[in-house]
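Residue-level listing of the chains:
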Amino acid sequence: MIELSTGILNSLTLALADPAGAPVATSQGPAWAMAIPGLAILGALICTLSAIFGVKTKLPAYLTVGCLGGAFATTVALLMHFDPAGGAMEVNAWEWFAITWGDGPGQSFTAPFGFYIDTLTIYWMLFVTGLATLIALYASEYMSHDVGTGYNRFFFAFNLFVFSMACLVMGGNLVMLYLGWEGVGLCSYLLIGYFYKKDSAVQAAKKAFIVNRIGDLGLALGLYLMFVHFGTIEYAELFSNEKLLGYVDAAMAGDFAQIPLEGQIIALLLMVGAFGKSAQFPLYVWLPDAMEGPTPVSALIHAATMVTAGVYLIARMFPVFLASEWALPVVAWIGTITALLAATIGMAQFDIKRIMAYSTVSQLGYMFAGLGVLTPNGAAYHVLTHAFFKALLFLCCGAVMHGFAGQLDLRKLSGVWKMKGWLIVSIGMLVGCLNLAGLPFTAGFFSKDTIIAEAFVTPGYQVIGVILLITALMTAYYTFRVFFRVFMGPVHAEPGDDHHGDDAHGDDDDDHAHAGDETGHNAFHPHAPGWAINTVLAILTIASIAATGLYFVGGEKDVTTYRGEHVKTKHYAMTMVQKSSAAFVTPYDHHAFDHANHSGGAAQHADAHGVPGDDEIETGNPQVMINGVLVEAEGQSSHYVLVDGKLLAAPGAGTGPRGSISEPLSVLGTGLDPHKAMYYISGVIAMVGIGLAWFFHLAGRTTAAECRMDAVASKLGPLPRWAENKWYVDEFYNAMLRVPLIVIGHLSFWFDKLIVDGLVNAFGTAPRFIAGMIRPSQSGYLHGYAAGMLAGVAALLLVVLAILASAGGAS
Amino acid sequence: MATIIHPLALYLACALGAIGVALALPRPRISPAIFGGILAAAGAGLVVVLLGFAGGVEQLPNWAFYVFSAMALGGGLRMITHPRPVYSALYFILTIIASAGLLLILSAEFMAFALIIIYAGAILITYLFVIMLATQAPEEGDLEHLADYDTKGREPWAMSAAGFVLLGILTTMLFRGAGELPVPEPVDDTPVLAQLPLKVERELRIERVPAGGGEPFVLLGEDERLQREIAPDGDVLGRLAHEGRTFFTEDGRAIELPDDMRANNVEQVGINLLRDHPMTIEIAGVLLLMAMLGATVLARKQVELEESLKARQAKRLHDARTEREGLD
Amino acid sequence: MLSDVLSGVTLAQTGFPDLMGGVTLAHYLFVSAAMFVLGLVGFVTRRNLIIMFLCTELMFQAAGIALVAFGRYHLDLDGQTFVIFVLTVAAAEAAMALALTVLLFRRRESLSADEWRELSG
């Protein structure tokens, strides 16, 4: 199996690296690469025309599937075409921004509407287009009740999303990325608010949009600052920017003082953008609410693709993040906190779609933690595996929801496995849950392990590793809580109140709900999914299982990294990432410490990982890998070690901040090799979690609503209730942000009304008041005016007389 | 001022005048116009007589002035107090004629007659036309009917008091100034005569033939005297050359004007008007033209009557007809 | 006597008998002021538009007499010339005022000045 898939994937992955070892330059890419976004926007146009001509068939869905399938095929062709020796490729469609105001550096702003294609791009686009195609097919059936009403609108936004995502991932500069970033945000807004007559959907759409604005502001500011500081926002120029390379070198030497503050803040600002889009801790609140959208949307946008844009941004901008003293530690910690928090909330929810949403937030936290502990490989791998199994999980949930009239409460569904026609859904759910729980030898197991192990071996981050392990236990528990409650146990089903389709625009379940009402609840018959859903679920199930293989194939390549170093890679994701800008650090090799202890000689294999393909670094200079960071050892006297995200010089061999650097890295000082140990530990933890779920939610359960957990929960005091209410984070935000804003708004309103307007009105009132006193004198009678003149003349003459009299008296 | 008239006497007279005018102003019922008139006349007469005493008793009072001023003020009083507009206008004519008399005493003959011609002849006739036009014809058998706004003055007491206070102040000032005015310098009218060569030559010939031996002469013009030194020939044009009241003939003789030979008022006004203020005549012409055009445009304007007014007019016509038929 | 009046110009310098016979400038100014005040009182108290205009004419008249009297005293003819313009203005004013009066009368069938008070505040 491994050899077979290796053979297949060898043709897809990169060819052998060039031996020269020089930094690779960008080359001109094939123009047909533009077909990827082009086909998506073509699909959007077709859907627009369908809407204009009032097509009332499933035509737009099938055309969308065709277009997106074409985009996927193009991506695969691009992968085949990609010349690893040639480095990144650029495809420029047209000059978009070209502003010049001087000859000096940084005095021109160019941002072509163009694409930057390297392995990271292709890697991301492969699963984006592939999943989009599958989910479009799924949606063609799922959305069938909207044919003729919202069908065209749905698929228009769907296509536009894929186009935007293509711009985001493939864009050759940060302006393109920003275009895509806002585009996916817009499509997300449109699709969450798809049932625009439903208040909760509208509120959720607004929430998602507004929370994302906060992140987008950070991204925009980071973009500006990047241009101001580096003078370019084009990837090709940026990654060969001497300033940036100097910063990275300084960062690797632990000398962050050399890097100006401005250069370090860029990463923090970009990070805020990533947090917003990828639903990290302070800004995660929009994602669970985004489940108001149709389930295919949740699967594609809010689980598999869009939310990984933040991971992509950090991976793409990894050199910039390396150059910041604080960015990566913050990313790591925020990711960890998010993972834990979302898992605790997920354990207490009853809505299966929301559980999946919180698990998405949690898994995104894993990815960020992976980035933060300097393993973009692990993060990217987890993105890929998660995309498959989370899309699968969501689609299964959608199928359940579709079939049970919008029923999502796990207390009201049970034993779906035993119902007729639900086998494929159940198997798909099982596979997805196993992946998410991280059962050994599933894709999720390997990808999660990569991150956790890396956390353990990074000095100062062991706490993160522990937290992530605890989170893994929770993940396994709440995942199988869903599975055991909904798919196993006694057969029971109550139709939902169709809360995803309250009106004529309801996505699917309206008819079923009414049917149920007419015939009584006992006569409710769930309808099993049709061919399209089943096909998609089957494909995704297989893909989720097959993703495991990616851990075993595609490795052991001698890959030239972006910086021109040669590394041997372990697995497919690593191979893909290692070629890209995310590979400013070379892959983990904890045994590099052994190298460090030697006299900087040739790389030495320390084959202790137990996994095929130890990485190996062979460059001209003696180099060591410490905690995944490539360090050039100058002679033997200096070593570096990563502590709290900083590379610190460890003067003198064998000593370092952690004490003796000669100790091999191990898990919490136990002497175990981290990866090897992690296989056992996380495997045990996953099974413990599943076992707990079995004990509390399946064993001895006779009804859908009651289980052993209820008794436990009642003893835990208010904790389950607090967790179910999401730790009151939304309420906290309301109180801390929304209420003060409303209060300030009202205060401003009254200030404006009373003080500002009052002042203006006072200026108007005073003349009016004085005029009111004078006005009666203007009687309109001619005589009045004449009498006034008479009196005036008399007064004047009197004055003159008085003056004359006084003058006469004086003289 | 005390040299002219005693202030208390002046103010007393003003008060009398005020009471008189207030009494004389039209009232709806009984109008003590006669008493008022007498009172007002007494006030005015008091001032005038006292002024006459101030001028010196040895000088006989100029009866013409007193007659004319009495006519003018009396006419004015009656004009403002008469309830019938037509009579008011007629009294105003009387006032104008009296004013013309006053101007005659002031040796302003041209102005006096111009006043009568323009005011009494033209303007007042226009007024009369408009009064006839704009006053409703009295109903048959009700000749005494007057419009309400004609029979009722507005605040006669207060306004009279105010007006006569103003008169007191005004006269105080005027008398004060008039008493202090310097005695005017004698003015030579020879320059005016020098502008009238034909008149001077004709008069001189008439006067001088018996006196100067009947020799013909031609007076020397100012230009010619200048030209004589430059160019000997020239016509008699423009101003005559003179030194004081001595004029020169072409053959070099000097002729002294007789004392009784003077430029009369019309000549003087004409010269003043045409020589000193030619532009103002043009402006006055434009003003009159504009007034004529404006009056034409305004008077031709069609009036859109309001509905209520139309109804009122129709009702009045109807009432009049039924009344007439009823009478028949 | 009238011929004397007609031919008389400057009295003091010529030795002609003073026809004014004790009438001083103050006499004329008093008459003028009294006429003016009569016109003013009439203007303020009477309601008939036409009579109000007549009163203004009376005030013009008074001013004219004062002007001529001053001119006489100062032996200056500009006073009389000025009266000519006062007459001109009076004529123009009469033409316009009467045209307006006719217009107003057509509208309201009344000559009362109180009918027109659109300018009241």
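Residues numbered from 1 in each chain as written. Chains lettered and ligands numbered in written order. Predicted model: local features only at pLDDT ≥ 70, side-chain atom pairs only at ≥ 80, totals over all residues.

## Let's talk about the overall build of chain B
What chain B contains, in helices and strands, is 13 helices and three strands. The long-range fraction of contacts in chain B, counting pairs at least 24 apart against all pairs at least 6 apart in sequence, stands at 60%. (Helix = DSSP H or I, 4+ residues; strand = E, 2+ residues; numbered from the N terminus. Contact = placed C-beta atoms within 7 Å.)

## Points about the overall build of chain A
For chain A, the helix and strand inventory stands at 29 helices and 13 strands. The 811 residues of chain A split such that 55% are buried. Taking the intrachain contacts of chain A between residues at least 6 apart in sequence as the baseline, contacts between residues at least 24 apart amount to 75%. (Buried ≥ 20, exposed ≤ 12 C-beta atoms within 10 Å, placed from the backbone.)

## A closer look at the interface of chain C and chain A
Taken together, the contact between chain C and chain A spans ten residues of the former and eleven residues of the latter. A class-by-class count of the residues in the side of chain C that touches chain A yields five nonpolar, two polar and three charged. (Nonpolar A, V, L, I, M, F, W, Y, C, P; charged D, E, K, R; others polar.)

## Regarding helix H16 (residues 352–372) of chain A
All names here are of chain A. With 21 residues, H16 extends 30 Å from end C-alpha to end C-alpha; this agrees with the ideal 30 Å at 1.5 Å per step. The buried count for H16 comes to 21 of 21 residues, which makes it a mostly enclosed element. Backbone geometry just downstream of H16 places Leu374 in the positive-phi region, at approximately 65°. (Expected span 1.5 Å × (residues − 1).)

## Remarks on the environment of B:Leu51
Residue and element names in this part refer to chain B. Considering the arrangement of structural elements, one finds Leu51 in helix H2 (residues 33–54). Residue class for Leu51 comes out buried when judged on the 24 C-beta atoms lying within 10 Å of it. Once the C-alpha coordinates of Leu51 and His6 are considered, the two residues, 45 residues apart in sequence, prove to be 9.3 Å apart.

## A closer look at the packing of helix H4 (residues 85–105) of chain B against helix H5 (residues 109–134) of chain B
Residues and elements named next belong to chain B. One way to put it is that H4 packs onto H5 with a least axis distance of 8 Å and a crossing angle of 175°. One element, H4, and the other, H5, form an angle in the roughly antiparallel class. For the pair H4 and H5, contact is made by Pro85, Val86, Ala89, Phe92, Ile93, Ile96, Ile97, Ser99, Ala100, Leu103 and Leu104 and by Glu109, Met111, Ala112, Leu115, Ile116, Tyr119, Ala120, Leu124, Tyr127, Leu128 and Ile131, respectively. Here the residues of the contact of H4 with H5 sort into 20 nonpolar, one polar and one charged. (Axes fitted to C-alpha atoms, helices over the stretch in contact; angles between N-to-C directions. Parallel < 35°, antiparallel > 145°, perpendicular 65-115°, else oblique.)

## Here's the deal with the interface of chain B and chain C
Interface size is commonly expressed as the accessible surface area that is lost when the partners come together. Tallying the contact residues gives 92 residues for chain B and 75 residues for chain C. Where the side of chain B that touches chain C is concerned, the elements lending two or more residues are H2, helix H3 (63–81), H4, H5, helix H6 (148–151), helix H7 (156–180), helix H11 (265–276) and helix H12 (278–300) of chain B. Here the side of chain B that touches chain C takes twelve residues from H7(B), the largest share from any one element. Residues that form the side of chain B that touches chain C fall into these classes: 61 nonpolar, 22 polar and nine charged.

## Section: the sheet that holds strand E1 (residues 27–28) of chain A
Residues and elements named next belong to chain A. Taken in spatial order, the three strands of this open sheet run E1-E2-E3, and their pairing is mixed. Every other strand in the sheet has two partners, leaving E1 and strand E3 (108–117) as the edge strands with one partner each. In the sheet, strand E2 (residues 89–100) pairs with E3 via nine bridges, with the strands oriented antiparallel. Paired with Thr100 across the two strands is Ser108, which belongs to E3. (Pairing = 2+ DSSP bridges.)

## As for the sheet that holds strand E2 (residues 246–248) of chain B
Residue and element names in this part refer to chain B. Spatially, the three strands line up as an open sheet ordered E1-E2-E3, and their pairing is antiparallel. Of all strands in the sheet, those bounded by a partner on one side alone are strand E1 (242–243) and strand E3 (254–256). Where E1 and E2 come together, two bridges link them in antiparallel fashion. Residue pairing in the sheet places His242 in a bridge with Phe247 of E2.

## Some details on the confidence of the model for chain A
Per-residue pLDDT for chain A averages 79, and the proportion of residues at 70 or more is 80%. Here residues 586–667 of chain A scores under 50 on pLDDT; set against residues more than four positions off or in separate chains, the count is 188 contacts. (pLDDT = per-residue confidence, 0-100.)

## Regarding the nonpolar core
Counting 240 residues, the largest nonpolar core has A:Ala391 and A:Leu395 as the members making the most contacts within it. It is helix H17 (residues 376–403) of chain A that provides the largest number of residues to this core, a total of 18 residues. With near-sequence residues (within four places) excluded, A:Ala391 lies in contact with A:Leu131, A:Ile135, A:Ala299, A:Leu300, A:Ala303, A:Ala304 and A:Leu540. Within the second largest apolar cluster, 111 residues are counted, among which are B:Ile131, C:Leu49, C:Leu67 and C:Val83. (Core = buried A, V, L, I, M, F, W, Y, C linked by C-beta atoms within 7 Å.)

## Here we look at H4(B)
All names here are of chain B. When the terminal C-alpha atoms of H4 are compared, their 30 Å separation across 21 residues agrees well with the 30 Å that a helix rising 1.5 Å per residue should span. Across the 21 residues of H4, 15 count as buried, placing the element largely inside the fold. Ser107, located one to two residues past H4, shows a positive phi value of around 60°.

## Examining the confidence of the model for chain B
Residues and elements named next belong to chain B. In this model, chain B carries an average pLDDT of 77, and 77% of its residues clear a pLDDT of 70 or more. Per-residue pLDDT, averaged within each element of chain B, yields its smallest value for helix H10 (residues 222–230) (53) and its largest for H4 (91). Confidence drops under a pLDDT of 50 for residues 228–237, and excluding neighbours within four residues, the segment shows ten contacts in the predicted structure. Here the complex is predicted with pTM 0.60, and the ipTM for its interfaces comes to 0.83.

## Regarding unusual backbone geometry
Residues and elements named next belong to chain A. For Ala279, which is not glycine, the phi torsion reads 55° and is therefore positive. Topologically, Ala279 is positioned in the loop between helix H10 (261–277) and helix H11 (286–289). The exposure class of Ala279 is buried, given the 29 C-beta atoms found within 10 Å. One non-glycine residue, Phe441, adopts positive backbone phi at about 70°.

## Some details on the environment of A:Pro294
Tracing the backbone through its elements, the reader meets A:Pro294 in the loop between H11 and helix H12 (295–304). Under the C-beta neighbour-count criterion, A:Pro294 is labelled buried, with 27 such atoms within 10 Å.

## Focus: the packing of helix H4 (residues 119–142) of chain A against H17(A)
Residue and element names in this part refer to chain A. In the contact formed by H4 and H17, the axes pass within 11 Å of each other and the chain directions differ by 5°. In terms of orientation, H4 and H17 fall into the roughly parallel class. Contact residues: H4 offers Tyr123, Phe127, Leu131, Ile135, Tyr138 and Tyr142, while H17 offers Ala380, Leu384, Ala387, Ala391, Leu395, Gly398 and His402. Residues belonging to the contact of H4 with H17 are distributed by class as follows: eleven nonpolar, two polar and no charged.

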